[in-house]
Amino acid sequence: MTTPAAPLPASPSELPSPARVLAPLLTIPASRRRFRLPLPALEKEYGMSTPLVDELTGLGLPRRETPDGPLFDENDIASLSLHLRLPSARRAVMAFWLRALRRLTAPGTPLAHRVDVTVGCPEPGHEGACRYEVDLGDGGAGGVFETGPEPQRVLASLTLGGTGGPRELPPALAELCAEFREIDYYLLPGDAAAEPDLLDRAGIADCVLMSRVLVDAAHARGIEARLSGGLLVAVPFSSTHTWAECRVDGVWYPVDPLLPKALRAWGVPRAELWSPTLAPVGLFHRLGGTPLRPVTHNGTPCGASLRTREEVPA
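Now for a quick tour of the structure. (Residues numbered from 1 in each chain as written. Predicted model: local features only at pLDDT ≥ 70, side-chain atom pairs only at ≥ 80, totals over all residues. Heavy atoms only, no water.)

This part is about the overall build of the protein chain. A count of helices and strands for the protein chain gives nine helices and 17 strands. Taking the principal axes of the C-alpha coordinates as reference, the protein chain spans close to 55 × 50 × 35 Å. Considering only contacts within the protein chain whose residues lie at least 6 apart along the sequence, 71% involve residues at least 24 apart. Counting 31 positive and 36 negative side-chain charges, the protein chain places the centres of these two groups 4 Å from one another. (Helix = DSSP H or I, 4+ residues; strand = E, 2+ residues; numbered from the N terminus. Contact = heavy atoms within 4.5 Å. Lys, Arg positive; Asp, Glu negative; His and termini not counted. Charge placed at Lys NZ, Arg CZ, Asp CG, Glu CD.)

So, about the sheet that holds strand 17 (residues 305-311). One open sheet holds the three strands; their spatial order is 6-3-17, and the pairing between them is antiparallel. Looking at which strands have only one partner, the edges of the open sheet turn out to be strand 6 (153-160) and strand 17. The sheet shows a mean angle of 20 degrees between the axes of neighbouring strands, taken without regard to direction. In this sheet, strand 6 lies alongside strand 3 (residues 112-119) in antiparallel orientation, the contact comprising seven bridges. Considered in strand 6, the bridge of arginine 114 is made with threonine 159. (Pairing = 2+ DSSP bridges. Axes fitted to C-alpha atoms, helices over the stretch in contact; angles between N-to-C directions.)

A word on the environment of alanine 304. Along the chain, alanine 304 turns up in the loop between strand 16 (300-301) and strand 17. Separated by 198 residues in the primary sequence, alanine 304 and alanine 106 place their C-alpha atoms 30 Å from one another. Ignoring anything within four residues of it in the chain, the contact list for alanine 304 reads Val117, Thr118, Val119 and Val295.

Let us look at the pattern of salt bridges. Taken as a whole and judged by the stated rule, the model has twelve salt bridges. Salt-bridge contacts for arginine 63 lead to glutamate 65; the nearest nitrogen and oxygen are separated by 2.8 Å. Residue classification places arginine 63 among the partly exposed positions, given a relative accessible area of 36%. Since its relative accessible area comes to 51%, glutamate 65 is described here as exposed. Beyond isolated ion pairs, a larger network of salt bridges with shared partners links Arg114, Asp116 and Arg309. (Salt bridge = Lys/Arg side-chain N within 4 Å of Asp/Glu carboxyl O. Buried < 20%, exposed > 50% of the residue type's maximum accessible area, 1.4 Å probe, protein only.)

So, on to the side chain of histidine 297. For histidine 297, the position within the fold is in strand 15 (residues 295-297). Owing to a relative accessible area of 1%, histidine 297 belongs among the buried residues under this scheme. For histidine 297, the side chain forms a polar contact with the side chain of glutamate 123, separated by 3.5 Å. Not counting the four nearest positions on each side in its chain, histidine 297 is found in contact with Cys121, Pro122, Glu123, His126, Cys130, Arg131, Tyr132 and Cys302. (Polar contact = N/O pair within 3.5 Å; in protein donor to acceptor, adjacent residues only side chain to side chain.)

So, about the pairing of strand 10 (residues 224-232). As a general feature of sheets, a regular strand has side chains that alternate between the two faces. Burial within strand 10 is extensive, with seven of its nine residues counted as buried. Of the strand pairs in this sheet, strand 10 and strand 11 (residues 239-248) are connected by nine bridges, and their pairing is antiparallel. Residue pairing across strands places glutamate 224 opposite arginine 247, the latter belonging to strand 11. As consecutive antiparallel partners, strand 10 and strand 11 are separated by six residues.

Moving on, we come to the packing of aromatic side chains. A complete count under the given rule lists three aromatic pairs for this structure. Ring centres of tryptophan 243 and phenylalanine 284 lie 4.7 Å apart, and the angle between their planes is 40 degrees; on these two criteria the pair is classed as tilted. Linking tryptophan 243 in strand 11 with phenylalanine 284 in strand 14 (residues 284-288), this pair joins segments that are 41 residues apart in sequence. With respect to burial, tryptophan 243 and phenylalanine 284 carry one shared label: buried. Seen in terms of ring centroids, tryptophan 274 and phenylalanine 284 are 5.9 Å apart; in terms of plane orientation they differ by 65 degrees. Their pairing is edge-to-face. Of this pair, tryptophan 274 sits in the loop between helix 9 (258-265) and strand 13 (278-279) while phenylalanine 284 is found in strand 14, placing the two residues ten residues apart along the sequence. Accessibility classification places tryptophan 274 together with phenylalanine 284 in one group, the buried group. Members of the aromatic cluster, each reached through a chain of ring pairs, are Trp243, Trp274 and Phe284. The residue whose ring lies beneath arginine 226 is tryptophan 252, and the NZ or CZ to ring-centre distance is 3.9 Å. (Phe/Tyr/Trp six-rings, centres within 6.5 Å; stacked < 30°, edge-to-face > 60°. Lys NZ or Arg CZ within 6 Å of the ring centre and 35° of its normal.)

In an α-helix there are 3.6 residues to a turn, and that puts residues three or four apart on one side. Listed as buried for helix 6 (residues 171-178) are Leu173, Leu176 and Cys177. Buried residues of helix 6 fall within an arc of 100 degrees about the axis and therefore sit on the same side. Facing away from the buried surface of helix 6 by more than 90 degrees, the exposed residues are Pro171 and Glu175. Packed against the buried residues of helix 6 are helix 8 (207-220), strand 11 and strand 12 (251-255). (Arc of directions from axis to C-beta.)

Right, here's the structure in full:
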């Protein structure tokens, strides 16, 4: 086993160097990457200037040369953008999570939410109808839908009832979280996320890998645990997420020490509201025991907007 790099700084005042942020990604074989992101998207969507791209390329950032210019892996670029605290849509969404967390901790009526699964054809101009398959796990409201090439369409809706608010983890689970306090959050290709040795080798994980390792570690301590896939519920947009759940004294607690640490490392404002030992009850909504992949278009996974609004529980 190789020694993982020292963890990235978790303080918003400490910005790591591009070389330090890139180093863990270079432990992932190039064969795992999907080179689909064109060069112009790096600045437009992820805030990367041309000098920064040149610096990262000189440091070994993987890419594939094509006649139309270089292509990059989206997970690589998204991870670099977040750790270097550059502006992006993904980063902007994280402010919604912290606002939702504050809303859940405020006194008052427990919140319920309506989530609309909204899609637009990812391949405009293709022959035939758009065939979407929607899978919302145990939440239901999914199915198969055939439509024309509308620019935006609500395929399914899901109402999530109020489930209480965040609470501190029991001591046994807080100790479990502390075991992984030096792991850094990176977006990983799906097959790499299934390899626990990546966490040991490079000191990085995404939500799927971290959750699987947490479940195994909980079982080793005699704690009942399970993998959970579902939604991180926030207005105006929710996000898919994967986390571990552990049962102590008959109560299931969502356990995720990785994401709150990442929010601090990425310099997201008010990230201190979410401590690694806080169980984000109400913010996380479990829909099943596997990572959620809500929509496919003609058999291929596609993006979906999870538009969300508050409702008063019935």
